[in-house]
Structure formats: structure tokens, C-alpha cells
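Okay, here's what each chain looks like letter by letter:
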Amino acid sequence: DAGVTQSPTHLIKTRGQQVTLRCSPKSGHDTVSWYQQALGQGPQFIFQYYEEEERQRGNFPDRFSGHQFPNYSSELNVNALLLGDSALYLCASSFGGRVRADTQYFGPGTRLTVL
Amino acid sequence: GEDVEQSLFLSVREGDSSVINCTYTDSSSTYLYWYKQEPGAGLQLLTYIFSNMDMKQDQRLTVLLNKKDKHLSLRIADTQTGDSAIYFCAESQQGFQKLVFGTGTRLLVSP
């Protein structure tokens, strides 16, 4: 049974470009949350998707957008990249739109570097 | 508001006990968690505690919660070099709420 997978593993972009990150939830999970982890910091909540809709959003600008597909996989899109967007982007999956400690799983993350 | 604070660094010798501390501000926190992150890796859930509990023990791990002071601690018994990592405290409210993380405590275990 595959856990949460994310792609790509690493990505290098330049300022002003756009990027798309992908996440496949653990089998049986239907909810995907995205987090940004800057170097030396704890993860910060970006948004959560359930039933193909954005359910909750953190304090991130509209440059950050997402999508959830019928198969529950999700994409995170960031437009007009800034140097400060360099971070590890983590995806977490769970079931039933609920964040429960014992049923939420994190992927390995995508390391984004903006030059 | 939501805020979770941790000390930045802890160094112990192999075989000793480690105690990592965390304070939080949101009195409506329902679940409190400890995650482990090794270099270049994602987050691994170690243990969690409901806010109506005082203590939870899971093998080498003991979690203590002082709800009055909003203080959470993680004790690792017989710390091993493989326990060297960053440990994050996090909280969430009941239901489908987000996780709010602390800044992490880097644990270094020396032989």
C-alpha cells in the first residue's frame, strides 16, 4: 500500500515563473492538506481540499492556488514566484475531511528553490 | 490566536533521557502532537494526546500535558543516536482543522 507520494522531489525555478507541485494521497484517503516549511521553521498551513473544493485556507496570498481531482490527488500552483517561496512543500492526506492525529499522513515533500 | 513555541536546541548523551518542551496559546486546542523530522525527510507522527488527558506513554515516549499552563512535553527514555532529529510540537482543534506547528527543537544525541 503506497503512502502519500509527491512529485517532483526537487525543483529549481527563477523569480516570476510559475510552478505546479503534485500529491497523491494514501489509498483510501480523500482529503489533502498542503503545508509550506521554510528553512529552519515549522510547517505553515496553506490550504486543505476535500470533495474537490478548498475547505480551509491559511494566510497565503492568492498566488497560491490548488486543485483536487476526482481521484483525490491534488496540485499546488504558485504563480509569480518570489525568492521567499523557496521552501519544502509538504502534502498530508486524511479521510473524511477530518484532521485526526492517528489518520493523517505526510508525504516526503517537494523542495522548491527559487533563484 | 494560535501560537506554538519550542526551545531551539537540545543536546544529550546516548542512554540519557531527553525532555523536549512546548507551550501553546490556543485554549481550544483539542489534539496535541509530536512529530519527528529527519534530514531531508517529511514528518513522522510520533504520538499525540487529547486535551482531556494528562499523560500518555508509548514505549520509550512519555507525553505530559499541563492544560492550565498550556505546556506540553515529550520525554524520550534511553535516547539513542537514531533519535537525533528535529521534533515538532503541533496542535489542532476538533474536526477538520489545520495543524499549527511550533518552530521545532533540534535534538542532538552524542555517543
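Just so we're clear, the structure is a prediction, and the values are computed from it rather than from any experiment.

A few words on the overall build of chain A. Looking only at helices and strands, one finds zero helices and 11 strands in chain A. From first element to last, N terminus to C terminus, chain A shows the α and β order β-β-β-β-β-β-β-β-β-β-β. Against the globule reference of 13 Å for 115 residues, chain A gives a C-alpha radius of gyration of 13 Å, in line with a compact fold. When the backbone C-alpha atoms are referred to their principal axes, chain A occupies close to 35 × 25 × 25 Å. In chain A, which comprises 115 residues, the proportion classed as buried is 51%. Pairs at least 24 residues apart make up 55% of the contacts formed inside chain A by residues separated by at least 6 positions.

Okay, the state of the cysteines next. Using the criterion set out here, one finds two disulfides over all chains in the structure. With its sulfur 1.8 Å from that of its partner, A:Cys23 forms a disulfide with A:Cys91. With the S-S bond torsion at -55°, the cross-link from A:Cys23 to A:Cys91 turns out left-handed. You can see A:Cys23 sitting in strand E3 (residues 19-24) and its partner A:Cys91 sitting in strand E9 (residues 87-94), a full 68 residues away along the chain. In this model B:Cys22 forms its disulfide with B:Cys89; the gap between the sulfur atoms is 2.0 Å. Since a negative S-S torsion denotes a left-handed disulfide, the B:Cys22-B:Cys89 link at about -60° is left-handed. Note that B:Cys22 is positioned in strand E3 (residues 18-24) and B:Cys89 in strand E9 (residues 85-92), a separation of 67 residues in sequence. With respect to class, B:Cys22 is no different from B:Cys89; both count as buried.

Residue and element names in this part refer to chain B. Spatial strand order, E1-E3-E8-E7-E6: five strands in an open sheet with antiparallel pairing. Either end of the sheet is taken by a strand with one partner, and the two such strands are strand E1 (4-6) and strand E6 (55-58). Strand after strand, the sheet turns through a mean of 15° between neighbouring axes, direction not considered.

The next thing to look at is the pairing of E3(A). Along a regular strand, successive side chains alternate from one face of the sheet to the other. Residue and element names in this part refer to chain A. Bridge count between strand E1 (residues 5-7) and E3: three bridges; the pairing is antiparallel. Pairing of Gln6 across the sheet is with Cys23, part of E3. Looking at chain direction, E3 and strand E8 (residues 74-78) are connected through five bridges and run antiparallel. Counted as the bridge partner of Cys23 is Ser74 from E8.

The subject of this paragraph is the environment of B:Ser92. As for its placement among the helices and strands, B:Ser92 is situated in strand E9. The spatial distance from the C-alpha of B:Ser92 to the C-alpha of B:Ser29 is 5.5 Å, given a sequence separation of 63 residues.

Residue and element names in this part refer to chain A. Residue Ser7 is joined to Pro8 through a cis peptide bond whose omega torsion reads -5°. Structurally, the position occupied by Pro8 is in the loop between E1 and strand E2 (10-13). The phi dihedral of Tyr72 is positive, around 80°, even though this residue is not glycine. Looking at the element boundaries, Tyr72 is found in the loop between strand E7 (64-68) and E8. The class for Tyr72 is partly exposed, based on a relative accessible area of 39%. The phi torsion at Ala80 lies on the positive side, around 45°, for a residue other than glycine. One can find Ala80 in the loop between E8 and E9.

What counts, and where the lines are drawn
Residues numbered from 1 in each chain as written. Chains lettered and ligands numbered in written order. Predicted model: local features only at pLDDT ≥ 70, side-chain atom pairs only at ≥ 80, totals over all residues. Heavy atoms only, no water. Helix = DSSP H or I, 4+ residues; strand = E, 2+ residues; numbered from the N terminus. Rg over C-alpha atoms; globule rule 2.2 N^0.38 Å. Buried < 20%, exposed > 50% of the residue type's maximum accessible area, 1.4 Å probe, protein only. Contact = heavy atoms within 4.5 Å. Disulfide = S-S within 2.5 Å. Pairing = 2+ DSSP bridges. Axes fitted to C-alpha atoms, helices over the stretch in contact; angles between N-to-C directions.

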